[in-house]
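Spelled out from the first residue to the last, the chains are:
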Amino acid sequence: MTDAVLARPSTDILRSDALFHLAVAFLAIITSVAAFAVWTPFGFAATFLLMIVLTVSLPAGIPAVIACAFLFQNLVVAWFTPFVPDDATFDALRGANFVILMTAFGVFATASFQNRVRALQDLRPWLLFSFLLCGVIGLYLLLGAVRGGPKDAVIYFRNTITPVACFHIAILAASRYRIDLRACMICLCTMAVGYGYLEQIFRMDFLGLFHGDLYIQRGLKEQIESGVWEKALRETGFVLRGLEDTMTATFFNTAFFGDVLPRIFRNGGPNFHPISYAYALSLLSSWLLFRGRWLLPLAAFPILLVIGSKGAAFLLMVALASRLFYRPSRAGLTLAAVVLLAATWTAAATVYGARHGDYHVLGLIAGIRDFLANPLGQGLGIGGNLSSTSLNLDWDRAQGEGAAAVPVESAVGVMLYQMGIGSFVFFGFLASLAMTAGRRLMETGNPDFLFAFVAIVTISANAVLQEEAFFSPLALGFCLLLVGVSLGTQIRETREGRAHRVA
C-alpha cells in the first residue's frame, strides 16, 4: 500500500515533466523558425544560443525537442510562407531543425568528456563508436565537397550524421537523467494521427488554414523548373492540373494497382513529406504497441495505407506480429523470425524489381557495381536522389542496361557509392545496436528492446531499396532517438542498482 502511494507522485511528476518538455519543444521550434524568417544569420545565431541554453538547463527534454522539430517544424514554416519572399530564405527556414539538432549534439558531445560520463563503462563504447562514425562521415564530407558540389555534400552530410547525432544525444541524456517518453509519444502520435485524418477529409481546405497550400506551391515551382512533371508526362502520360494532383498517387504508389483502383490523396503530414510522415506514424505506433497501447496504432493504420509507403507499413506489420508472438520463453525465436521476415521481404522486393526494371533495384545495382570499381568511395553528395548529379538520369537507358548511371533510390547503394568501405562502419554500428538490443531483450525481457530490434532490422532492410529509410530524419533518425533512450535508461538503472546494493 505504501509503495503504491509513493510511486504515484513519481509517475505524475514524470508525466508533467513530459508535457512541459513538449511545450518547451514547440516554443523552441516557433522561436527558431521565426528568427530565420527575420534574417538567416540571425536565425542561426538565435537558434544556436537558444539550444545551448535549453541543452544545459533542460538536458532531459532534448529528445522531445528533437522529435517535435522533426515532425512539426514544416507546419510552423508553412505559417511563415506568405512572409518569406525568396526561396533561399524558405530553404533556410526548413533547415532550422538541423541547427537545433547539431547544436544539441555539440553540447552533448562536449559533455562526453566529463569525468562523470567517462566513468560510465557501459556507455563509453557507444560514445566512442559514434565519434568514430562522425570522423568517417566528416572525412567523406570533405572528399565530396572537393570532388563534387559543396551543397550536395552538405545535404548528404546532414542525412548521414542525423541518426548518429540523435543516438548520441539520447543515450547520453537517458544514462544521466530519468526520461519517460510515454506521455510525449502518446501526445505526438495523437497529434500526428489527428492531423492525418483532417488532411485526408478536408484536403486543400484544411491545408489552406495555415498556408500549407502555399508551402506545397513552393515545392511545385521547384519541381516544374527541374522538369519533374514534364518527365512524368513523357513516361506515364500523367497531366498536372493543380496542387492537389501533386498529392495524389496510385494505391501503395505502385503501377500494380494503377488499372484496378483510382488514384488516392496521399497525406503529406505536418512535415509535408508522405514517406517521412509514414515512418513517423509507424515508429510511434510500434513503440506504443510494445507499451501495450493499441488504440492509436489501430487509428494510424488506415492513414498508413493511404500514404502507401510499403517500407513503413512493413515495419508496423512486423512490430504487430512480434508483439503478438513474443513471450519471454521464446525471445530468441521471435528475434530470428524478425530477421527472416526482413530478409524475405528484401529478397522478394529485389527479385520482383529486377524483373520489372524497378528504379530502386537499378539504383542498388549501380551502387554495388561502382563500389566494386572504387571501394574507397566517391564522397558525400555524389549520387543519390537529392544530388544534382542525378537530375538528368535516363531511366529508359538504365532499364536497358540493367543499372542506373549513378546510384539512386537505394540508401545502401548510395552509401556504398559515396562512402565506400567507410559505409561498413555505419552498417556495423546498426548491426551492433540490433545485436545489443536482442541481447538486452533476452536478459531483461524489456519490450523496449524488442522495439529497438524490430525497428533497426526492418528499417535496415527497407534501406536496401529506399533512400528515405536511412536518410529521412523521421525514419532512422527518430528510430535511433528512441533506441538511444532505451539503452541509456538501462545503463542508468544498472548503475543505480549497483549503487543501491553497495549502500
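Quick caveat: nothing in here was measured; it's all calculated off a predicted structure.

Caption draft 1: Quick peek at the nonpolar core. Met185 and Phe470 are the most contacted members of the largest nonpolar core, which has 156 residues in total. Core analysis: the second largest hydrophobic core is formed by 10 residues, Leu362, Trp395, Ala398 and Val406 among them.

Caption draft 2: Fine view of the packing of aromatic side chains. The final tally for this structure, using the stated rule, is 19 aromatic pairs. Between the aromatic rings of tyrosine 156 and phenylalanine 471, the centroid separation amounts to 5.5 Å while the plane-to-plane angle is 90 degrees, which identifies the pairing as edge-to-face. In this pair, tyrosine 156 sits in helix 8 (residues 150–176) while phenylalanine 471 sits in helix 22 (residues 468–471), placing the two residues 315 residues apart along the sequence. In this structure, tyrosine 156 and phenylalanine 471 share a single accessibility class: buried. With centroids separated by 5.3 Å and ring planes inclined at 80 degrees, the aromatic side chains of phenylalanine 206 and phenylalanine 210 adopt a geometry described as edge-to-face. Taking the relative accessible area as the measure of exposure, phenylalanine 206 reaches 11% and is therefore buried. In this structure an aromatic cluster arises from ring pairing among Trp79, Tyr195, Phe206 and Phe210. Over the ring of phenylalanine 90 we find arginine 218, and its NZ or CZ is 5.0 Å from the ring centre.

Caption draft 3: How the structure looks around the pattern of salt bridges. Evaluation of the coordinates by the stated rule reveals 7 salt bridges. Where aspartate 370 meets arginine 369, a salt bridge forms, and the shortest distance between an N and an O atom there is 3.0 Å. With relative accessibility at 35%, the residue arginine 369 sits in the partly exposed group.

Caption draft 4: Representation of the confidence of the model for the protein in the model. Looking at the protein as a whole, the pLDDT averages 90, with 89% of positions reaching at least 70. Contacts from residues 1–9, a stretch scored under 50 in pLDDT, to residues over four places away or in other chains number 0 contacts.

Caption draft 5: Helix 15 (residues 310–325), seen in detail. Between the first and last C-alpha of helix 15 there are 22 Å, a value that for 16 residues agrees with the 22 Å anticipated at 1.5 Å per step. Of all the positions in helix 15, only Gly311, Ala312, Ala313, Phe314, Leu315, Leu316, Val318, Ala319 and Ser322 are classed as buried. Buried residues along helix 15 sit in contact with helix 13 (274–289), helix 14 (295–307), helix 16 (331–355) and helix 21 (447–463).

Caption draft 6: Examining unusual backbone geometry more closely. Phi at arginine 203 is positive, roughly 50 degrees, even though this residue is not glycine. Inspection of the secondary structure assignment puts arginine 203 in the loop between helix 9 (182–202) and helix 10 (204–208). The backbone of histidine 211 sits at a positive phi, close to 65 degrees, despite the residue not being glycine.

Caption draft 7: Fine view of the packing of helix 15 against helix 21. In contact at an axis separation of 10 Å, helix 15 and helix 21 are set at 150 degrees when each is read in the N-to-C sense. Regarding the angle of helix 15 to helix 21, the classification is roughly antiparallel. Classified by chirality, the crossing of helix 21 by helix 15 is right-handed. Contacts between helix 15 and helix 21 involve Gly311, Ala312, Phe314, Leu315, Val318, Ala319 and Ser322 from the former and Leu450, Val454, Thr458, Ile459 and Asn462 from the latter. Across the contact of helix 15 with helix 21, the residue classes break down as 8 nonpolar, 4 polar and no charged.

Definitions and cut-offs
- Per chain, residues are indexed from 1 in the order of the written sequence.
- Local features are withheld for residues below a pLDDT of 70 in this predicted model, meaning they are given only at 70 or higher, and side-chain atom pairs are given and counted only at 80 or more; totals for whole chains, interfaces and linings count all residues.
- Neither water nor hydrogens contribute to the side-chain values; these are computed over all heavy atoms in the structure.
- Only buried residues count toward a nonpolar core, which is a set of Ala, Val, Leu, Ile, Met, Phe, Trp, Tyr and Cys residues joined through side-chain atoms within 4.5 Å.
- In this scheme, a residue with accessible area under 20% of its type's maximum is buried, one over 50% is exposed, and one in between is partly exposed, where area comes from a 1.4 Å probe on protein chains only.
- Geometry of aromatic contacts follows a simple scheme: Phe, Tyr and Trp rings, the Trp one being its six-membered ring, pair when their centres are within 6.5 Å, and the pair is stacked under 30 degrees between planes, edge-to-face over 60, tilted otherwise.
- Counting from the N terminus, the helices are the DSSP runs of H or I reaching at least four residues and the strands are the DSSP runs of E reaching at least two.
- Counting as a charge over the ring demands two things of the Lys NZ or Arg CZ atom: a distance within 6 Å of the ring centre and an angle within 35 degrees of the ring normal.
- When a carboxyl oxygen of Asp or Glu lies within 4 Å of a side-chain nitrogen of Lys or Arg, that pair is called a salt bridge.
- Residue-level confidence of the predictor, termed pLDDT, takes values from 0 up to 100.
- The contact rule is simple, with two residues in contact once any of their heavy atoms fall within 4.5 Å.
- By this rule, a helix spans an expected 1.5 Å times one less than how many residues it contains.
- Axis definition: a line fit to C-alpha positions, over the contact stretch in the case of helices; interaxial angles, taken between N-to-C directions, run 0 to 180 degrees.
- Relative orientations are named as follows: roughly parallel for angles under 35 degrees, roughly antiparallel for angles over 145 degrees, roughly perpendicular for angles from 65 to 115 degrees, and oblique for any other angle.
- Crossings are classed by handedness, with left-handed meaning an anticlockwise turn of the near helix from the far one by less than a right angle and right-handed meaning a clockwise turn.
- Gly falls in the polar group here, along with every residue not listed as nonpolar (Ala, Val, Leu, Ile, Met, Phe, Trp, Tyr, Cys, Pro) or charged (Asp, Glu, Lys, Arg).

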